[in-house]
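These are the residues of each chain, in order.
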Amino acid sequence: MKAIISPETKMKDSEVEYIGKIPIDWGKCRLKNVCTSFNSNITTNIINKECGEYKIFGASGLAGYIEYETMKNEYLGIVKDGAGVGRINSYPSHSSLLGTLAYIVPNAGINMNWVKYIIQNMNLGESIDKTTIPHIYFSSYGNNYIPFPSLPEQQVIADYLDNICSKIDEIIAEAKASINEYKELKQSVIFEAVTKGLDKSVEFIDSGDEWLGKYPKSYNIGQLSMLSNIVRGGSPRPAGDPRYYGGNISFMRISDITKDDNIYVNSCENTITEEGLTRTRMIPPNTLLLTNSGATLGVPKINTFETAFNDGIAAFLDFDERLNIVYVYFFLKARTSYFLECASMGMGQPNLNTDIIGRTKIVFPTLVEQQKVVSYLEDRCGKLNSLIAEKESLINDLEAYKKS
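Definitions and cut-offs
- Residues numbered from 1 in each chain as written.
- Predicted model: local features only at pLDDT ≥ 70, side-chain atom pairs only at ≥ 80, totals over all residues.
- Heavy atoms only, no water.
- Pairing = 2+ DSSP bridges.
- Helix = DSSP H or I, 4+ residues; strand = E, 2+ residues; numbered from the N terminus.
- Phe/Tyr/Trp six-rings, centres within 6.5 Å; stacked < 30°, edge-to-face > 60°.
- Buried < 20%, exposed > 50% of the residue type's maximum accessible area, 1.4 Å probe, protein only.
- Lys NZ or Arg CZ within 6 Å of the ring centre and 35° of its normal.
- Polar contact = N/O pair within 3.5 Å; in protein donor to acceptor, adjacent residues only side chain to side chain.
- Contact = heavy atoms within 4.5 Å.
- Axes fitted to C-alpha atoms, helices over the stretch in contact; angles between N-to-C directions.
- Expected span 1.5 Å × (residues − 1).
- Core = buried A, V, L, I, M, F, W, Y, C linked by side-chain atoms within 4.5 Å.

*Asks:* Quick question: what am I supposed to make of the sheet that holds strand β24 (residues 307-309) here?
*Replies:* Note: strands within a sheet are paired through backbone hydrogen bonds, in either parallel or antiparallel orientation. Taken in spatial order, the four strands line up as β20-β18-β24-β21 in an open sheet, and their pairing is mixed. The open sheet has two edge strands, β20 (270-272) and β21 (282-283), and neither has a second partner.

And the structure:
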C-alpha cells in the first residue's frame, strides 16, 4: 500500500511492527473489527461434478455443483486446512465453499477487495498451527492489527491493486506457460534422441512396443531386467526409531531424488545407524536410481556417493557392459510419465514394482553412439534448463514485487 502514498503525505508510527508507518489520518484496528468469519460445513459427498444450479469451490478452484443456494453476495474465502493454507480469494455470489475453506465476510461499509489485500499483506505464518495437517483459525489471526483508512481510500487502494496485480498476474501466467512449453520440449527432445537416435536417415523397424514405436534397425533392443539387476531399497521401521535412524550412514529418500531436475544427486538429508543398515542395503557411487512409489514415481537419478536407500527407490546394479549409465538415465527420464500412468491404473497409491520396471524395453546403439546422444542431450537440456530457471527467477521476482 505504500506504493500509492504521495511523498508529501504526513506519516505516523502505527506502533505495529509489520505495518510500520501509516498516513497521519489513518487509524488502526483489529481485523475482526472489519469482517467476520465462519466455517463451511459442506463436504465432498454432496457435490455433483457435472450439474447443479449453484457452484461450489474448493482450495484448487471449482469443485462441482450443489442444489441449494448459500451466499447471496460476493465474498472472500480462505484455505484453512491442508496445502495452500492461508491462501485467500474472492468468490462469486450464489456459490459455496468446501469445508477446507472458511468464509470471510466484510462488515457493512467495508470494501471487500481491500480486506482481501489486507489479509494477503498480513504475516499469517505466525497464526498457522503447524501440525501434520496445517490449520489456520480466524480466532487467531483475526486479533492482528491492520491499518484502517476511510472507505473512499479503501476503494482507491483496492482499485489500484486490482489493476497492477492483474498485470503482474498476466506476466506470471505467461512465464508459467513458457516453463510448461520448455518442459514439454525437453521431454520431446529426450524421447526422440533415445528412441530414434540422432540420424533420422537410417532404416527404422517396429519395436512391437506402443510407446517406443519404430527404432533404428542397427540398434539393440532388450528388457531392462535382462540388462541389469533391479533391486529395491528398504526402510527400517518404525520410522524415526533411534535404533535405526540418526547414525553416520547416508540414507536416501524419494525427496532427495525429486528435489531438482539434475542428473546427479550429490547429498541426502537423512542418516541411519549400523543396526538400521541391516534392514536396507548399500549401493556404491554411480548407481542409477528410480523412484517407484507415490506421486513422484518414475524419476531417475545417479548418485555420486555411497549410500543406503529406502523402499520407495529402485536401483539398477550390474549393468550390461554395452550400456552407458547416463544414456539409460535419459531413457528412463523419457518414460517418467509412462511409468506414472502404468503404476496408477486401478490403484489408490501409485506403485511401480520391479516387475513393471524390468519388463520395460530399451533400445540402444553402440557405446560410441550412446555417448554422442548423451553429449547432445546434456547440451540441449542444459540450455532448456537455463531458460526454465530464468522464467522461475522472473516469477519469484514478480511475486516479491506484488507482495511489496
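*Asks:* Looking at this model, I keep getting lost on the packing of aromatic side chains. Mind explaining?
*Replies:* The description of two aromatic rings rests on the distance between their centres and on the angle between their planes. Taken as a whole and judged by the stated rule, the model has 13 aromatic pairs. Judged by centre distance (5.3 Å) and plane angle (55°), the rings of Y75 and Y103 are tilted. Within this pair, whereas Y75 is found in strand β7 (residues 75-79), its partner Y103 is found in strand β10 (residues 101-106), the two being separated by 28 residues in sequence. In this pair, the class of Y75 matches that of Y103, namely buried. With a centroid separation of 5.7 Å and 80° between ring planes, the pair formed by W211 and F331 is classed as edge-to-face. Residue W211 is located in the loop between β14 (204-206) and β15 (214-216), and its partner F331 is located in helix α7 (residues 325-334); the two are separated by 120 residues in the primary sequence. For W211, a relative accessible area of 18% puts it in the buried group. Directly above the aromatic system of Y145 lies the positively charged group of K28, at a separation of 5.2 Å from the ring centroid. Positioned over the ring face of F339 is R335, at 5.9 Å from the centre of the ring.

*Asks:* Where do I start with the pairing of strand β23 (residues 300-303) in this structure?
*Replies:* In regular strands, side chains alternate between the two faces of the sheet. Alternating positions in β23 separate into two faces, P300 and I302 on one and K301 and N303 on the other, with burial throughout. Pairing of strand β19 (residues 264-265) with β23, which is carried by two bridges, proceeds in the parallel orientation. Bridge assignment links V265 to a residue of β23, and that residue is N303. In the sheet, strand β22 (residues 288-291) pairs with β23 via three bridges, with the strands oriented antiparallel. The residue bridging L290 from the neighbouring strand is P300, located in β23.

*Asks:* Honestly, unusual backbone geometry in this entry has me stumped. Any pointers?
*Replies:* Glycine aside, residues mostly have negative phi angles, and peptide bonds mostly take the trans form. The omega angle of the peptide bond from R237 to P238 is 10°, so this bond is cis rather than trans. Relative to the assigned elements, P238 resides in the loop between β17 (229-232) and β18 (245-252). Its identity as a non-glycine residue notwithstanding, H94 has a phi of 60°, on the positive side. When you line up the elements, H94 lands in the loop between β8 (88-91) and β9 (95-97).

*Asks:* Sorry if this is basic, but what is going on with the side chain of N113 here?
*Replies:* Secondary-structure assignment places N113 in helix α1 (residues 112-121). Side chain to side chain, N113 and D162 meet in a polar contact 3.0 Å long. When residues no more than four places from it in sequence are discounted, the contact partners of N113 are A158 and D162.

*Asks:* What should I look at first to understand the sheet that holds β9 in this one?
*Replies:* Strand order in the open sheet formed by three strands is β6-β5-β9, with mixed pairing between adjacent strands. Edge positions in the sheet fall to β6 (61-66) and β9, since each has one partner strand and no second. Strand-to-strand twist across the sheet, computed as the mean angle between neighbouring axes with direction ignored, equals 35°. By the bridge criterion, three bridges tie strand β5 (residues 54-58) to β9 in an arrangement that is parallel. Looking at the pairing, F57 lines up with L97 of β9.

*Asks:* Would you take a moment to explain helix α10 (residues 367-403) for this structure?
*Replies:* For an α-helix, the turn length of 3.6 residues means that residues three or four places apart are oriented alike. Compared with the 54 Å implied by 1.5 Å per residue over 37 residues, the 52 Å span of α10 between its first and last C-alpha is a close match. Every buried residue of α10 is accounted for by Q370, V373, V374, L377, C381, L384, I388, I395 and L398. Tucked inside the fold, the buried residues of α10 contact α3 (151-196), α7 and β26 (361-364).

*Asks:* Even after reading the chapter, I still don't get the environment of V328, so can you show me in this structure?
*Replies:* Counting through the fold element by element, V328 comes out in helix α7. The buried category is assigned to V328, whose relative accessible area is 0%. In this structure the C-alpha to C-alpha distance between V328 and T195, which are 133 residues apart in sequence, comes to 11 Å. Among residues more than four places away in sequence, those in contact with V328 are L224, L288, F319, L323 and I362.

*Asks:* Sorry if this is basic, but what is going on with the side chain of T280 here?
*Replies:* Take T280: it is sitting in the loop between α6 (274-277) and β21. Under the relative-accessibility criterion, T280 is labelled buried at 15%. A polar atom in the side chain of T280 sits 2.8 Å from the backbone oxygen of F309. Leaving out residues up to four positions away in the same chain, T280 has contacts with G233, G234, F251, I272, A308 and F309.

*Asks:* I keep staring at the nonpolar core and nothing clicks. Help me out?
*Replies:* One finds L31, I104, W114, I119 and Y141 to be the most contacted residues of the largest nonpolar core, which totals 40 residues. Among the secondary structure elements, those contributing two or more residues to this core are β7, β10, α1, α2 (138-141), α3 and α10. Look past the residues within four positions of L31 in its chain and what remains in contact with it is I118, I119, M122, F138, Y141, G142, N144 and I146. Of all hydrophobic cores here, the second largest spans 39 residues; its members include A193, F339, I357 and I362.

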